[in-house]
Amino acid sequence: MTDTPVDSSPLTYPFERPSALEPCPHYKRLRETKPVADIRMPSGDHALLVTDYESVRTVLSDARFSRAATARPGAPRIGTEPQNAKNLLSMDPPQHTRVRRLVSREFTARRVAALRPRIQSRTDELLDAMKRAGPPTDLVPALAFPLPVTVICELLGVPLDEREQIAEWSGTVLSTVSLPVEQIIAAHSGLATYLGGLIAAKRAKPGDDLLSALVSIHETDAERLDEEELLHLAITLLIAGHETTTNQIANGVLALLTHPEQFEAVRRDPGVIPAAVEELLRFVPPGDEATLRIALEDVKLGDTVVPTGTAVLASLASANRDARHFTEPDTLDVTDTARAQHLTFGYGIHYCLGAGLARLELEIAIGTLLRRFPTLRPAVPAGEVPRSSGRLIHGVTSLPVAW
Ligand code: HEM
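Since this is a predicted model, take the numbers as computed values, not measurements.

Asks: Lay out the coordination of the iron atom of the ligand in plain terms, naming residues and giving numbers.
Replies: Ideal coordination angles are 109.5 degrees for a metal with four donors arranged tetrahedrally and 90 or 180 degrees for a metal with six donors arranged octahedrally. In this structure the iron atom of the ligand is ligated by exactly one protein donor, Cys-352 (SG), at 2.3 Å. Looking at the element boundaries, Cys-352 is found in the loop between helix H14 (316–319) and helix H15 (355–372).

Set out below in structure tokens:
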């Protein structure tokens with residue numbers, strides 16, 4: 001992390017946020033003066049950081065920016081760990097189209113909707129326990145962490161007693177720059193060995209879960225997933241499925257607690273909750289940038305030509321604050337439905353596969369919390385809320401609340 005001045009070039013990436021709720025001020029300056037800027041990534045590799053809404057959308061959706069090229073030997077990297085070509089996020093069409101179509105056939109809106117009663121009852125149980133324990137409580141272990149990890153484990157058919165170990169592995173995999181590469185690779189192989197065993201168990205005795213359904217696609221479908229694609233899909237779903245949502249619940253609640261009139265607007269009218277969830281995703285996203293892409297040919301972004309072979313990072317957090325796209329972007333407004341055009345779930349072919357599930361969890365978690373704890377307030381000043389650093393996904397690590 002760094003606080004290098006914004007006019008130094010290349011800028012040292014990633015940037016430090018001044019507080020849990022504020023994006024790094026570099027983004028505003030860069031959008032205004034240098035929306036395609038040189039950065040040096042933690043690996044030491046060079047990349048261009050793109051910060052304006054239009055160009056970010058182009059990088060995410062234009063086939064000339066490749067994800068697959070980041071998995072080639074010697075390709076530029078953000079951290080030191082290599083990308084895996086068998087990961088859905090690291091594929092280009094037609095491989096991406098095939099794998100995404102197969103998983104989308106099973107990970108359907110209907111499967112997500114069927115989880116609603118279970119997400120609601122798990123939220124109720126957690127909030128019952130919080131009420132029994134009495135104030136003050138840390139909302140991260142009380143709600144933000146256990147809810148998403150339970151939901152993703154149940155969706156995939158992963159036994160719940162493994163969740164602490166899974167959370168540890170996945171936290172390490174996402175650490176990006178804060179841990180040694182050997183530790184990250186060890187966590188990856190821990191997850192792979194564990195999920196490989198679970199896949200074998202589902203093959204022998206299928207359950208009514210997403211992983212069993214994916215195993216059956218692997219066994220029977222003409223287009224089939226190969227063994228490695230199946231394993232990496234399981235790893236990606238498990239990691240992507242809880243870290244992001246945990247941080248988004250905590251970030252979102254902190255944003256509401258520090259904007260009492262917005263808290264009140266959501267509490268007064270539960271009909272506002274879906275719009276509030278979108279606005280919180282825009283205002284306090286759990287990750288600043290999308291994954292790295294590489295230009296396959298020269299591409300013009302605004303006034304800059306991105307040369308063939310250049311690594312490009314698209315800043316979702318910056319695009320979400322672009323005043324050319326959003327009215328008063330630095331104001332939190334839970335009633336403005338136009339905020340839903342945020343890019344927090346990405347854009348284009350890699351648009352978040354779990355967005356529907358994440359939205360459902362956020363609506364239930366935040367809606368139920370505000371209904372049951374209408375006098376909820378921060379138990380420490382907002383500036384003192386501890387947060388993670390040096391990770392791809394970030395948020396507050398503890399959120400003390402009272403009521
Ligand atoms: C607030 C919660 C979440 C956020 C902010 C989020 C954000 C994102 C973003 C930005 C991308 C695209 C990255 C890129 O293009 O470089 C993505 C992709 C993905 N997400 Fe999420 N995600 C969330 C929750 C989830 C959940 C709950 C799941 C699974 C259950 C999930 C599974 C995936 C998968 C599999 C991809 C890869 C899609 C592809 O490459 O086609 N995410 N997510």
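Following the structure, the description resumes.
Asks: Tell me what's going on with the pairing of strand E9 (residues 311–314), and back it up with residues and numbers.
Replies: Side-chain alternation along E9 places Ala-311 and Leu-313 on one buried face and Val-312 and Ala-314 on a second face that is also buried. Both strand E3 (residues 46–50) and E9 contribute to a ladder of three bridges, which runs parallel. Each residue of the ladder has a partner; that of Val-50, found in E9, is Ala-314. Two strands pair when backbone bridges link them, and strand E6 (residues 293–295) and E9 are joined in this way by two bridges, in the antiparallel orientation. Paired with Arg-293 across the strands is Val-312, a residue of E9.

Asks: Just give me the short version of the pattern of salt bridges, but keep the residues and values in it.
Replies: Scanning the model with the defined rule gives 20 salt bridges in all. Put simply, Glu-264 and Arg-267 hold a salt bridge, and the shortest N to O gap is 2.6 Å. Of this pair, Glu-264 and Arg-267 both sit in helix H12 (residues 260–268), three residues apart, roughly one helical turn. Look at Glu-264 and you get partly exposed, because its relative accessible area is 27%. Between Asp-336 and Arg-339 there is a salt bridge whose closest N-O contact spans 3.7 Å. Sharing partners across several salt bridges, the network here consists of Arg-118, Arg-122, Glu-125 and Glu-154.

Asks: How would you explain the packing of aromatic side chains if you had to name every residue and give the values?
Replies: Under the defined criterion, the tally for this structure stands at six aromatic pairs. Measuring from centroid to centroid gives 5.9 Å for Tyr-13 and Phe-15, while their planes differ by 75 degrees, and the two rings are edge-to-face. For the ring pair Phe-345 and Tyr-351, a centre distance of 6.2 Å and an interplane angle of 65 degrees mean the geometry is edge-to-face. By relative accessible area, which is 28% here, Tyr-351 ends up partly exposed. Site record: aromatic cluster; members linked through ring pairs are Tyr-13, Phe-15 and Tyr-27. When the ring centre of Phe-373 is taken as reference, the NZ or CZ atom of Lys-131 above it lies at 4.7 Å. The ring of Phe-326 carries Arg-282 above its face, with NZ or CZ at 5.4 Å from the centroid.

Asks: With reference to specific residues and values, describe helix H5 (residues 116–133).
Replies: Over its 18 residues, H5 runs 26 Å from end to end, which matches the ideal 26 Å to within 8%, given 1.5 Å per residue. For H5, the full list of buried residues reads Ile-119, Arg-122, Thr-123, Leu-126, Leu-127 and Met-130. Looking straight down H5, one finds its buried side chains confined to an arc of 130 degrees; they lie on one side. When the buried face of H5 is taken as reference, the exposed residues oriented beyond 90 degrees from it are Pro-117 and Arg-132. Of the surrounding secondary structure, the elements contacted by the buried residues of H5 are strand E5 (137–138), helix H6 (139–144), helix H7 (146–156), helix H8 (163–173), H15 and strand E11 (400–402). Phi turns positive, to about 80 degrees, at Gly-134, one or two residues after H5.

Thresholds, definitions, all that
- Residues numbered from 1 in each chain as written.
- Predicted model: local features only at pLDDT ≥ 70, side-chain atom pairs only at ≥ 80, totals over all residues.
- Heavy atoms only, no water.
- Donors = N, O, S within 2.8 Å, 3.2 Å for Na, K, Ca; no water.
- Helix = DSSP H or I, 4+ residues; strand = E, 2+ residues; numbered from the N terminus.
- Buried < 20%, exposed > 50% of the residue type's maximum accessible area, 1.4 Å probe, protein only.
- Pairing = 2+ DSSP bridges.
- Salt bridge = Lys/Arg side-chain N within 4 Å of Asp/Glu carboxyl O.
- Phe/Tyr/Trp six-rings, centres within 6.5 Å; stacked < 30°, edge-to-face > 60°.
- Lys NZ or Arg CZ within 6 Å of the ring centre and 35° of its normal.
- Expected span 1.5 Å × (residues − 1).
- Arc of directions from axis to C-beta.
- Contact = heavy atoms within 4.5 Å.

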